[in-house]
Amino acid sequence: MIDVLIIGSGGAGLSAALNAKKYNTKVLVISKTYPTHSQTCQAQGGINAVLKENHQDSLENYFNDTYEASHKLGNKKNIEQFCNSSKETIEWLDSIGVPFSRDEEGKIAQRKFGGTKAKRTCYSSDYTGLKILHTLYDQCIKNEIEFLNEHLLLNLIVENNKIEGITVLDILNSEVKKIEAKTVILATGGYAGIYHNFTTNSFATTGDGISAAFRAGAKLSNMEFIQFHPTALENKNILISESARGEGGYLIDEKGNRFIDELKPRDEVARAIYKKHHNKEKIYLDLRHLGIEKINEVMPQERRLVYDFMKLKMEEDLIPINPSAHYTMGGVLTNINGESSIENLYACGECSQSGIHGANRLGGNSLLEIITFGKITGKNAAKKALSIKNKSTNLNNQFEKDKKRIETLFNKESDYDFYKTKKELGKLFFNNVGLFREEKKLTKALEYIYKKENELDLMGIEDKSRTYNKNLVELLEFQNLIQLSEVIIKSALTREESRGAHYRVDFADEKESFDKNSVSIFKEGKIVHYFEDIL
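Residues numbered from 1 in each chain as written. Predicted model: local features only at pLDDT ≥ 70, side-chain atom pairs only at ≥ 80, totals over all residues. Heavy atoms only, no water.

Participant: How should I be thinking about the state of the cysteines in this particular structure?
Facilitator: Disulfides are covalent bonds that connect the sulfur atoms of two cysteines. All told, the structure shown has zero disulfides when counted by the stated rule. With no disulfide of its own, Cys 140 lies closest to Cys 348 among cysteine sulfurs, the gap being 12 Å. Accessibility expressed as a relative area gives 1% for Cys 348, which makes it buried. (Disulfide = S-S within 2.5 Å. Buried < 20%, exposed > 50% of the residue type's maximum accessible area, 1.4 Å probe, protein only.)

Participant: For this particular structure, what's the right way to read the environment of Lys 313?
Facilitator: Of note, Lys 313 is situated in the loop between helix H10 (300–310) and strand E14 (319–328). The class of Lys 313 is partly exposed, set by a relative accessible area of 33%. When neighbours within four sequence positions are excluded, Lys 313 is seen to be in contact with Arg 303 and Tyr 307. (Helix = DSSP H or I, 4+ residues; strand = E, 2+ residues; numbered from the N terminus. Contact = heavy atoms within 4.5 Å.)

Participant: How should I be thinking about the packing of aromatic side chains in this particular structure?
Facilitator: Remark: the centre distance and the inter-plane angle together describe each pair of aromatic rings, the angle taken between the planes. Counted according to the given criterion, the structure contains 14 aromatic pairs. Residues Phe 63 and Tyr 67 carry aromatic rings whose centres are separated by 6.1 Å and whose planes lie at 5 degrees to one another, so their mutual orientation is stacked. Linking Phe 63 with Tyr 67, this pair stays in helix H2 (residues 59–69), spanning four residues, or about one helical turn. Here Tyr 67 falls in the partly exposed class, since its relative accessible area comes to 21%. Every member of this aromatic cluster is reached through a ring pair, and the members are Tyr 195, Phe 198, Phe 228, Tyr 274, Phe 429, Phe 430, Phe 436 and Tyr 503. Lying across the ring of Tyr 327, Arg 361 places its NZ or CZ 4.1 Å from the centre. (Phe/Tyr/Trp six-rings, centres within 6.5 Å; stacked < 30°, edge-to-face > 60°. Lys NZ or Arg CZ within 6 Å of the ring centre and 35° of its normal.)

Participant: What am I meant to see in the packing of helix H1 (residues 11–21) against helix H5 (residues 128–142) here?
Facilitator: Angle between the axes and distance between the axes: these two values describe a pair of packed helices. Here H1 crosses H5 at 30 degrees, and the two axes come no closer than 10 Å. By the angle class used here, H1 and H5 are roughly parallel. Crossing of H1 against H5: the hand is left-handed. Every residue of H5 that contacts H1 at Gly 11, Leu 14, Ser 15, Ala 17 and Leu 18 is listed here: Leu 133, Leu 136, Tyr 137, Gln 139 and Cys 140. (Axes fitted to C-alpha atoms, helices over the stretch in contact; angles between N-to-C directions. Parallel < 35°, antiparallel > 145°, perpendicular 65-115°, else oblique. Left-handed = near helix turned anticlockwise from the far one by under 90°.)

Participant: Can you walk me through the packing of helix H13 (residues 418–432) against helix H15 (residues 470–494) in this structure?
Facilitator: As a packed pair, H13 and H15 sit with axes 11 Å apart at the nearest point and diverge in direction by 30 degrees. The angle between the axes of H13 and H15 places the two elements in the roughly parallel class. The hand of the H13/H15 crossing is left-handed. When H13 is examined against H15, the residues Phe 418, Tyr 419, Thr 421, Lys 422, Leu 425 and Phe 429 are found in contact with a partner set consisting of Lys 470, Asn 471, Glu 474, Leu 475, Phe 478, Leu 481, Ile 482, Ser 485, Ile 488 and Ile 489. Taken together, the residues that form the contact of H13 with H15 break down as 10 nonpolar, three polar and three charged. (Nonpolar A, V, L, I, M, F, W, Y, C, P; charged D, E, K, R; others polar.)

Participant: What is the right way to read the environment of Tyr 274 from this model?
Facilitator: Here Tyr 274 is to be found in helix H8 (residues 266–278). A relative accessible area of 18% means that Tyr 274 is categorised as buried. Once the C-alpha coordinates of Tyr 274 and Glu 315 are considered, the two residues, 41 residues apart in sequence, prove to be 25 Å apart. For Tyr 274, the residues in contact, after removing those within four places along its chain, are Pro 323, Phe 430, Leu 435 and Phe 436.

Participant: Mind showing me how you'd approach the side chain of Asn 432 here?
Facilitator: Relative to the helices and strands, Asn 432 resides in helix H13. Residue classification places Asn 432 among the buried positions, given a relative accessible area of 8%. Among the polar contacts listed, one links the side chain of Asn 432 to the backbone oxygen of Lys 441, at a separation of 3.0 Å. Not counting residues within four places of it along the chain, the set of residues in contact with Asn 432 comprises Arg 437, Lys 441, Leu 442, Lys 444 and Ala 445. (Polar contact = N/O pair within 3.5 Å; in protein donor to acceptor, adjacent residues only side chain to side chain.)

Participant: How should I be thinking about the side chain of Glu 302 in this particular structure?
Facilitator: Checked against the element boundaries, Glu 302 lands in helix H10. At 2.7 Å, the side chain of Glu 302 and the backbone nitrogen of Ser 241 are in polar contact.

Participant: How should the sheet that holds strand E12 (residues 250–252) be read in this particular structure?
Facilitator: What holds strands together in a sheet is hydrogen bonding between their backbones, with the strands either parallel or antiparallel. Taken together, the four strands give an open sheet; going across it, the order is E11-E14-E13-E12, and neighbouring strands pair in antiparallel fashion. Every other strand in the sheet has two partners, leaving strand E11 (226–233) and E12 as the edge strands with one partner each. Going from strand to strand, the sheet's axes swing by 45 degrees on average, the running direction of each strand aside. On the sheet, H10 packs against E11 and E14 and is oriented at approximately 70 degrees with respect to E11. (Pairing = 2+ DSSP bridges.)

Participant: Sorry, what's going on with the sheet that holds strand E10 (residues 220–221) here?
Facilitator: As summarised here, the arrangement of the five strands in space is E17-E15-E10-E18-E19, forming an open sheet in which the pairing is mixed. The open sheet has two edge strands, strand E17 (352–353) and strand E19 (526–532), and neither has a second partner. As paired strands, E10 and strand E15 (residues 331–333) are joined by two bridges and run antiparallel to one another. Residue pairing in the sheet places Ser 221 in a bridge with Gly 331 of E15. Packed on one face of the sheet, helix H6 (residues 208–215) meets E10, E15, strand E18 (517–523) and E19 and runs near 60 degrees to E18.

Participant: Mind showing me how you'd approach helix H14 (residues 439–454) here?
Facilitator: Residue pairs spaced three or four apart in an α-helix point in one direction, given the helix's 3.6 residues per turn. Look at H14: 23 Å from first C-alpha to last across 16 residues, which is about the 22 Å you get at 1.5 Å a residue. Restricting attention to buried positions, one finds in H14 the residues Leu 442, Ala 445, Leu 446, Tyr 448, Ile 449 and Lys 452. Considered in projection along H14, the buried side chains sweep an arc of 160 degrees and stay on one side of the axis. Across from the buried face of H14, at angles greater than 90 degrees, the exposed residues are Lys 440, Lys 444 and Asn 454. Where H14 is buried, its residues contact H13 and H15. (Expected span 1.5 Å × (residues − 1). Arc of directions from axis to C-beta.)

Participant: Sorry, what's going on with the pairing of strand E1 (residues 2–7) here?
Facilitator: In summary, the side chains of a regular strand alternate between the two faces of the sheet. Most of E1 sits out of view: six of its six residues are buried. Alignment of E1 against strand E9 (residues 175–186), held across five bridges, turns out to be parallel. Within E9, the residue paired with Leu 5 across the bridge is Val 184. Of the strand pairs in this sheet, E1 and strand E2 (residues 27–30) are connected by four bridges, and their pairing is parallel. Counted as the bridge partner of Ile 7 is Ile 30 from E2. The parallel pair E1 and E2, bridged by H1, forms a crossover whose chirality is right-handed. (Right-handed = clockwise from strand over helix to strand, strands pointing away.)

Below is the structure:
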């Protein structure tokens, strides 16, 4: 039996694996794709930390910036621990070989990101997430951690509110497998894939772990909070990191005027750009004044992306941009130890709601969160696993259900084009559940989801091959997105206020009565939604 079973091989999952392995436990990491394909590699700009307290920065400042950005929905104790351990986290990453950029004194370089009072963001040129991810993976190989790649999570096996294992689909041969485990860590990423064609995320970001946890009875929290990044390449949704503005880039309109402080929090900048676009104005990122030498030093990847996808040169041309769905603040509700509401089930990274980001995440805090809470959950899950004796259990019920489900899909004839529906869903969410929301549009989106839920049984696969059937994988992912869509819209409808990334034009003010986390739970076949105090 596996001691610590980790679903997801991004920065959170790999950090959890390395720390669980320290306790001489049997660790297995399961990945839908491969570790180096994870969303972590898309985090270009940097990772926050207070490396030295002085007149320029302090732990108190960092705490205040993070809590202020959360709009009172952050858990103060969790944020305090998160900030206080930031230096230790960076030193750990440095010690295992992450190649951070250095200043003239040879110390780890830091840049300023939006919503902060100081230069606090450590970076590795503009490849920060990628370099962290590759370094973590190298360490996992060195520590002989076992990986099971190209396996899609189907469901959690839960008995008496205690995790017992999971079912997965072997993507190579379409076989359903059962894996028993003492503890399970979800590190499966977020759900911005709902905004298909309007997101910076990869096609693989489909909320699989969150959806499975929800079906198993775990509490989800703050699902209405979705962050839009201000600067993606226009009509391409290729991310141009906040580092471009942190290094001095301007946002300008068609007349060449700067119209907002580029380093305000992301929600404010993204809404300002969206308003301009809504009025048929084009918005540009202007980096020409930085010069080619500076651009090549601090953002070589972004320069290449701009040229490859737009045939423009950062040092010569204005870069047309638009906001794009980027990060999801909601997820599986966890405490400071990474524990969910299901016993022995943990969650970390973007699939969790760990009490750090609240209504709006600061740039640079996502990478710190996945490492910090990856380490915490790995340690706690390993210690818990060591206290659990091996047991013989009959866990075939969920396994047989999932086998039957997959066989049904292979045997069913269907001409329903769920790919078309996926595109419709992305556009609908961007327009109706995006940067500006109101009851009428949210209700219209919910009605659409109800209709599509009723059509799920009509959806099948045209490809009947058992070998590497992407048609099957993409249908299962789409069903997860449809399920989470209802949760998101109901959460957005219920929160009758504007707070951080959730902006209601019909309730434009932030209300003290909503200084609470939203909670969604699946009970007796229905979604139960309520608010609870932040402990």
